[in-house]
Amino acid sequence: MNRPNPSSRSADRERADRIYYTLAALLGGAVILYFAVVPFVGANLAFHFYLMLWITMASGFNVSSGFSGYMPFGYVAFYGVGAFTTAILVKKLGFPVLLALPFSGLAGLVLALLFAPTLRLSGIYFAIVSLALAYICRLVITNMPEEMTGGSFGIQLGSQAEPVLSFYVMMATMMLALGTILWLSRSRLGKALRAVRDDAEAADMMGVNITRVRLYGWLIAAFFPAVCGGVEAWYTNIVDTETAFNTLITAKTVIYAIAGGLGTVSGPIVGALVMVWLDELIWRQFPLLNLLILGLATVLLVLFLPRGIVGTLLRWRPAWRRYVP
Amino acid sequence: MKRRDFFLTLAAPVLAAGLAAAPALAQDGPIRIGMTVSSTGTFALAAQSGLRGAEIWVDDVNSRGGIEIGGKKRKVELVKLDDRSDKTTVPKVYETLIKEEKVDLLFGPFGSTLTAAAVNATETAGKFMVIWSASADSIYAQGYKYVVSATQIAGSLLGQPGVRALHSMGVKKIAFAYLDEPFPAALTQGAVDLAKQLGMEVTMNEKFAKGTKDFNILIQKAKASGAEAFYPTAYEGDQMTIARQLREANVNFNAVYLVYASQPQFLQQAGKDAEYILSQTLLHDKINWKVTHGLNRAQMMERYKKLHPNAQYTADFQTALAYGAGVVTEEIIKTAGSVDAAKLKEAALKLSDKITTVTGEYQIDQTGKQFKNAFSIMQNLPGGIEVVYPPQVATAKPVYPVPAFDKRK
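## Re the overall build of chain B
Next, step 1: What chain B contains, in helices and strands, is 12 helices and 16 strands.
Next, step 2: Counting across all 409 residues of chain B, residues that qualify as buried make up 57%.
Next, step 3: Across chain B, every contact between residues at least 6 apart in sequence was considered, and the portion connecting residues at least 24 apart equals 65%.
Next, step 4: Accessible area for chain B stands at about 16,900 Å²; split by element, carbon and sulfur atoms hold 53% of it.
Next, step 5: Taking the average place of the 47 positive charges on the side chains of chain B and the average place of its 40 negative ones, the gap between the two points comes to 3 Å.

Quick look at the structure:
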């Protein structure tokens, strides 16, 4: 019986890694190039801003769902808290926007720590509790003094609006998210997260600190939507509880992430790109029936590609799993 | 590839972008006004109701040959796109209207949040935006150059006509109560401020929690404070309960003010409890402003039936607000003789206090904030609802003090 030579196995792994990182670099380069020129060619800035936002949101969600196995239906809570943190710091405390944005991320991390006990739950129980917690966050902000949160009219950031600068900050946030998830996908933490997701007891037996690993994954998943909320508040210049905690934000994030395929770096990118462009095309061609057709398209996608676009591709070609980011 | 061809290839996207950004040169074509409508979501009904009002104005202005600019009449074309009541969709839609549809000016979407998100796009592009439904005062405190609220009064002033009406009736002591939610709180705050300015004594200003069903303590407290008028603000359901509990407890004030008390549902459900209560509204058969521009209420309603025979709902105050905004826009364009944003803003300021539309008088300040177009004050009298304030549209004198419950027939 021929045993694989350890050195040839190592060379094989190195070759796979090389292809993996080359593909990741090419994908990242194409994404950077594409978005970087948008403000210079007179393209629709807002459309591309939100495209980047959804890629970031779906990628963040991927960490929680694809890597850790948690389905947070209240994912919007991080986004909403991030949006209000930026708005309050800028408008009420006079922070420069660029200084306020890291605090939005920090607020997301603090909220994630507060929600951390819910990680003991799993499956649908976690999803429901997460949804309830998002609702509680919204209620807390709604009932805070109007001088601070702006009441039902929300907070306007006024003359702080800088569409092009905020566009590039969104781009930087997206690249940071993609870089983090690329690192995570090959790191010990990423492997531990997947192990815990697949079989927590077995992972525990192998010496994985389940609580710590889950918490790290949860914190990464919470940071990016909170920053997204802050950047979006800056871009649109307005934040209120109705829109900042809108469940549609979670719904879109989940759909885009699942459409691409959970558990890979490229899945949420492909999912967001395909779905946002599809949405745009349908919106332009069918002004009155756009949401109905989009709903049908989403149903068909989930029915025929239940693992998402990238997930289905990898199922057809399992060998590519080593190379596709 | 020759070097010249290479550079031309490189420059092509830049040139194309430059041409796309250039203002539309068609001086004889229709004036294109961009607007978003919500096909779905929270604002769908109100936005579509507003759209029907804007369409009445477009139909009317085009039937008169259009708007005169530089001696030539140009028709108006409304370019509508769907915003799905979604704040994250609005910036893209307004950018599409400006960059791709090349509209000359814009109407705001429905509601303060969507309008605030849209203003960002219009100001960046240097386009003029007419607001018809956003009441948040904060929109006008941001230093925007090219926004004008044509018909929608600012939120802080919404509750003030009621106080003015009560003051004119002779009320000197007034008790306020409000649901502990931002909108009733903001409305009440504006009303309290004005009452104090007018020299009235505010004997009580209490909030109550959402879900409160027993208002007896609040009612007794207001009575014990010595108030002549009671002004509790909440949503329609709570207000019906308050009206019922006032009668059940047999607590009499000289005047009771409930903002929703002239709405059909309130009248139907509250029955006798609604008698003599004061309220506010913008569109009612009895509110007939002497319009200086555009159609009057009856004509607008007639045109509504003609243009929208299959509309699911009858014209409401959103319809009137959007129609009135169209009328004001027409005068602004005519006065400016241009669709340039700066000239339009200048004209809008020049026309302040010179226009009365179906929703009332138009008065703005430098920020574009609307100060008039105030709601009219109604009173539910035994013979039917009457307008009791302001005097320009009043159809009856208010009954003040109102008869005690045990003296009513």
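Structure shown, so let's carry the discussion forward.
## Points about the interface of chain A and chain B
Next, step 1: Taken together, the contacts link 42 residues of chain A with 34 residues of chain B.
Next, step 2: Between chain A and chain B lies a buried interface of about 3,100 Å² when both sides are counted; carbon and sulfur atoms form 52% of it.
Next, step 3: Taken as a group, Phe153, Gln156 and Trp283 of chain A account for 24% of the area that chain A buries against chain B, more than any other trio of residues on that side.
Next, step 4: Seen at the junction of chain A and chain B, the total is five salt bridges.
Next, step 5: A salt bridge links lysine 252 of chain A to aspartate 86 of chain B; its shortest N-O distance comes to 3.1 Å.
Next, step 6: For the pair chain A and chain B, the number of links is 18 residue pairs in polar contact (both at pLDDT 80 or more).
Next, step 7: Those elements giving two or more residues to the side of chain A that touches chain B turn out to be α2 (45-67), α3 (76-91), α10 (210-236), β2 (238-239), α11 (241-244), α12 (247-260), α13 (266-285) and α14 (290-304) of chain A.
Next, step 8: Considering every element that reaches the side of chain A that touches chain B, the biggest residue donor is α2 of chain A, with five residues.
Next, step 9: Class assignment of the residues belonging to the side of chain A that touches chain B gives a composition of 20 nonpolar, 13 polar and nine charged.

## Let's talk about the packing of α2 of chain A against helix α3 (residues 90-99) of chain B
Next, step 1: Their axes nearest at 7 Å, the elements α2 of chain A and α3 of chain B cross at an angle of 155°. Taken together, the axes of α2 of chain A and α3 of chain B are roughly antiparallel relative to one another. Two secondary-structure elements touch here, α2 of chain A through Leu45, Ala46, Phe47 and Tyr50 of chain A and α3 of chain B through Pro91, Lys92, Glu95 and Lys99 of chain B.
Next, step 2: Here the contact of α2 of chain A with α3 of chain B is built from residues that sort into five nonpolar, no polar and three charged.

## Section: a positive patch on the surface
Residue and element names in this part refer to chain A.
Next, step 1: On the surface, Arg9, Arg13, Arg188 and Lys191 cluster together into a patch of positive charge.
Next, step 2: Residue assignment for the positive patch shows that the elements contributing at least two residues are α1 (6-36) and α8 (188-198).
Next, step 3: Examined against the element boundaries, arginine 13 turns out to sit in helix α1.

## Brief notes about helix α8 (residues 236-248) of chain B
Residue and element names in this part refer to chain B.
Next, step 1: Between its first and last C-alpha atoms α8 spans 19 Å; for 13 residues at 1.5 Å apiece the expected length is 18 Å, and the two agree.
Next, step 2: Listed in full, the buried residues belonging to α8 are Glu236, Asp238, Gln239, Met240, Thr241, Ile242, Ala243, Gln245 and Leu246.
Next, step 3: Phi for asparagine 250, located one or two positions after α8, is positive at around 55°.

## Description of the domain arrangement of chain B
Residue and element names in this part refer to chain B.
Next, step 1: Per the domain assignment, the segments of chain B are domain 1 (31-156 + 288-362) and domain 2 (157-283 + 375-407).
Next, step 2: Distance between the C-alpha centres of domain 1 and domain 2: 32 Å.
Next, step 3: Between domain 1 and domain 2, the residue contacts involve 18 residues of the former and 11 residues of the latter.
Next, step 4: Where domain 1 abuts domain 2, roughly 1,200 Å² becomes buried across the two surfaces, and 69% of that area is made up of carbon and sulfur atoms.

## Here's the deal with the packing of α2 of chain A against α13 of chain A
Residues and elements named next belong to chain A.
Next, step 1: Where α2 meets α13, the closest approach of the two axes is 9 Å, and the angle between their N-to-C directions is 140°. As judged from the angle between their axes, α2 and α13 are oblique. Pair α2 / α13 crosses with right-handed handedness. On the side of α2, the interface is formed by Phe47, His48, Leu51, Trp54, Ile55, Ala58, Ser59 and Asn62, while α13 contributes Pro268, Ile269, Ala272, Leu273, Val276, Trp277 and Glu280.
Next, step 2: A class-by-class count of the residues in the contact of α2 with α13 yields 11 nonpolar, three polar and one charged.

## Focus: the nonpolar core
The nonpolar side chains of a soluble globular protein tend to be buried, and buried together.
Next, step 1: Of all hydrophobic cores here, the largest spans 104 residues; its most connected members are Trp57, Phe128, Leu166, Ile174, Tyr231, Ile332 and Tyr362 of chain B.
Next, step 2: In terms of residue count, the dominant contributor to this core is helix α11 (residues 317-336) of chain B (10 residues).
Next, step 3: Each of domain 1 (31-156 + 288-362) and domain 2 (157-283 + 375-407) of chain B contributes no fewer than three residues to this core.
Next, step 4: Residues contacting leucine 166 of chain B, with those up to four places away along its chain left out, are Val171, Ile174, Met200, Ala229, Tyr231, Ala255, Tyr257 and Leu278 of chain B.
Next, step 5: Among the nonpolar cores identified, the runner-up in size contains 90 residues, and Ala87, Phe126, Leu133 and Leu178 of chain A belong to it.

## Considering empty space enclosed by the protein
Next, step 1: One pass over the full model with this rule turns up six cavities of 30 Å³ or more.
Next, step 2: In this structure, the largest cavity spans a volume of roughly 140 Å³.
Next, step 3: Around the largest cavity, the lining residues are Phe47, Tyr50, Trp54, Lys252, Tyr256, Val276, Asp279 and Glu280 of chain A together with Arg84, Thr88, Thr89 and Lys92 of chain B.
Next, step 4: Here the residues of the lining of the largest cavity are counted per class, giving five nonpolar, two polar and five charged.

## A few points about the environment of phenylalanine 35 of chain A
All names here are of chain A.
Next, step 1: Structurally, phenylalanine 35 can be placed in helix α1.
Next, step 2: Among the residues examined, phenylalanine 35 registers a relative accessible area of 2% and is labelled buried.
Next, step 3: Along the chain, phenylalanine 35 and valine 169 lie 134 residues apart, while their C-alpha atoms are 12 Å from each other.
Next, step 4: Beyond its immediate chain neighbours, meaning those up to four positions away, phenylalanine 35 contacts His48, Leu51, Met52, Ile55, Phe167, Met171 and Met174.

Thresholds, definitions, all that
Residues numbered from 1 in each chain as written. Chains lettered and ligands numbered in written order. Predicted model: local features only at pLDDT ≥ 70, side-chain atom pairs only at ≥ 80, totals over all residues. Heavy atoms only, no water. Helix = DSSP H or I, 4+ residues; strand = E, 2+ residues; numbered from the N terminus. Buried < 20%, exposed > 50% of the residue type's maximum accessible area, 1.4 Å probe, protein only. Contact = heavy atoms within 4.5 Å. Areas by Shrake-Rupley, 256 points an atom, 1.4 Å probe, with all protein chains shown as cover. Lys, Arg positive; Asp, Glu negative; His and termini not counted. Charge placed at Lys NZ, Arg CZ, Asp CG, Glu CD. Buried area = accessible area lost by both parts, 1.4 Å probe. Salt bridge = Lys/Arg side-chain N within 4 Å of Asp/Glu carboxyl O. Polar contact = N/O pair within 3.5 Å; in protein donor to acceptor, adjacent residues only side chain to side chain. Nonpolar A, V, L, I, M, F, W, Y, C, P; charged D, E, K, R; others polar. Axes fitted to C-alpha atoms, helices over the stretch in contact; angles between N-to-C directions. Parallel < 35°, antiparallel > 145°, perpendicular 65-115°, else oblique. Patch = residues over 30% accessible without salt bridge, like charges linked within 9 Å, V, L, I, M, F, W, Y side chains within 5 Å. Expected span 1.5 Å × (residues − 1). Domains from an automatic or database assignment. Left-handed = near helix turned anticlockwise from the far one by under 90°. Core = buried A, V, L, I, M, F, W, Y, C linked by side-chain atoms within 4.5 Å. 1 Å grid on protein atoms, 1.4 Å probe; cavity = no way out; pocket = protein on both sides within 12 Å on 5 of 7 lines; lining within 4 Å. Points joined across faces, edges and corners; volume = space filled by probe spheres on them.

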